[in-house]
Amino acid sequence: NLNNLVETRYPDGTVRLRNPHIELMDQDILYHLALGSESHDLVEMFGDVKFVCMGGTPKRMENFAHYIMKEIGHKLPTGTSLMDISQYSYRYSMYKVGPVLSISHGMGVPSIGILLHEVIKLMYHAKCKDPIFFRIGTCGGIGLEGGTVVISDDAVDGMLNNYYEVPMLGKLVRRPAKLDKRLVRELKALSDVEDPYDTVTGTTMCAIDFYEGQGRLDGAFCEYSETDKMDYLENLNKHGVKNIEMEVIPFAALTHHAGIRAAVVCVSLLDRLKGDQVCSPKEVMNEYQSRPQKLVAKYIKRQLQMK
Ligand code: R2B
Ligand code: URA
């Protein structure tokens, strides 16, 4: 495969774009981020970015921006406050805290896929060096109680395939969905044995739907039995699948294709072997969602202190 021979990054760590057309364009508009290569000085605005953290909702990513600001002791210029850089896209939210970008990716494969194209191009235009991408999210656990943190070491789709398959020009193109194993080990090593919850590693399944695509019995439609559902989930479990969410395949495949190290850390909201409905109280849910953030913040802090 010729593609695998192409060096994906420049020797100085900047992201090489695997698209010959971009350099030939007068300008590149990152439409869904409300940014452009000519309308904005992307090197000046984003050149120092080292960590790109993504999660589903705008609010969670705004909270993460405030949290990471406190953790790394970043001070905003006096008289300024955190702003949603992409607010006028009305699609995604983006906050910048020193070397950290905090971006919402919405729900599901197409949403995170579009975002990744534009964020990878942003890294290229801004000449960011060796950026690391994280997804901090939520998931359903398989045999894991609510609140368990899962670091993905592999990604599969609902058919147990470990690639991202996209129809392009009438043909199906496959890209391997690979995650950085070293990053998985580094993150796992930072989890605290004193935590009142487990942090585990394992395969993550990417579904393209929340209900029937995840074997739930509580969608608007359901044409299988509870036994069918349990057989499916048990089979996933047998294949090492620890959790189900909706973005890991394109996240792993597109970062890998761009030569960008990336990790997915999700908190399980419920054990899917015990139910389908997400019904923990809001306070419990908020505390759960802070768990992946804590782990990733710890990693970022360590990395910044090492320099
Ligand atoms: C986890 O939670 C969302 C669905 O509720 C989806 O974005 C995901 O991956
Ligand atoms: N997100 C999912 O995709 N599935 C769940 O069960 C919970 C959160």
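Reading the values: the criteria
Residue numbers restart at each chain and count upward from 1, following the sequence in its written direction. Chains carry letters and ligands carry numbers; both start at the beginning, A for chains and 1 for ligands, and go up in the order they are written. Given that this is a predicted model, residues contribute local features only at a pLDDT of at least 70 and side-chain atom pairs are listed and counted only at 80 or more, while totals for whole chains, interfaces and linings are drawn from all residues. Hydrogen atoms and water are omitted, and side-chain values are computed over all heavy atoms in the structure. We count a stretch as a helix when DSSP gives it H or I for four or more residues in a row; a strand needs E for two or more, and each element gets its number in order from the N terminus. Think of it in three bands: with a 1.4 Å probe and only protein chains considered, a residue is buried below 20% of the maximum accessible area for its type, exposed above 50%, and partly exposed in between. Note on contacts: a residue pair is in contact if any heavy atoms of the two residues lie within 4.5 Å. Expected helix span is given by 1.5 Å per residue-to-residue step, counting one fewer step than there are residues. Only protein atoms enter the calculation, which uses a 1 Å grid: trapped sets of points that fit a 1.4 Å probe without letting it out are cavities, open sets showing protein on both sides within 12 Å along at least five of seven lines are pockets, and any residue with an atom within 4 Å of a point is a lining residue. Grid points are joined across faces, edges and corners, and a volume is the space filled by probe spheres set on the points. For this scheme, ten residues count as nonpolar: Ala, Val, Leu, Ile, Met, Phe, Trp, Tyr, Cys and Pro. Four count as charged, namely Asp, Glu, Lys and Arg, and the remainder, Gly too, count as polar. Here, a strand pair is defined by DSSP locating no fewer than two bridges between the strands.

A. Seen up close, the environment of C222. By the element assignment, C222 lies in the loop between β10 (199-206) and α6 (226-238). On the basis of relative accessible area, C222 is assigned to the partly exposed category, the value being 30%. Remark: the alpha-carbon pair of C222 and E212, spanning 10 residues in sequence, is separated by 6.7 Å. In this view, C222 contacts E212, R216 and L217; residues no more than four positions away in its chain are not counted.

B. Expanded view of helix α4 (residues 109-126). Under the 1.5 Å per step criterion, the end-to-end length of α4 is 25 Å for 18 residues, consistent within 8% with the ideal 26 Å. Extensive coverage of α4 is indicated by the burial of 14 of its 18 residues. Among the residues trailing α4, K127 stands out with phi positive, at a value near 60°.

C. Representation of the layout of surface pockets within the structure. Size it by volume and the second largest pocket reaches roughly 340 Å³. As for the second largest pocket, its lining consists of 21 residues, of which M107, T138, F210, M246 and E247 are closest to the centre. Looking at the lining of the second largest pocket, the elements with two or more residues in it are β6 (132-141), β11 (241-245) and β12 (261-271). Looking at the lining of the second largest pocket, the element that brings in the most residues is β6, giving five residues. Partitioned by chemical class, the residues of the lining of the second largest pocket number eight nonpolar, eight polar and five charged.

D. Expanded view of the pairing of strand β7 (residues 149-157). β7 sits mainly inside the fold: eight of its nine residues count as buried. When β7 meets β12, the two strands line up antiparallel, connected through three bridges. The partner of V150 across the bridge, within β12, is C266.

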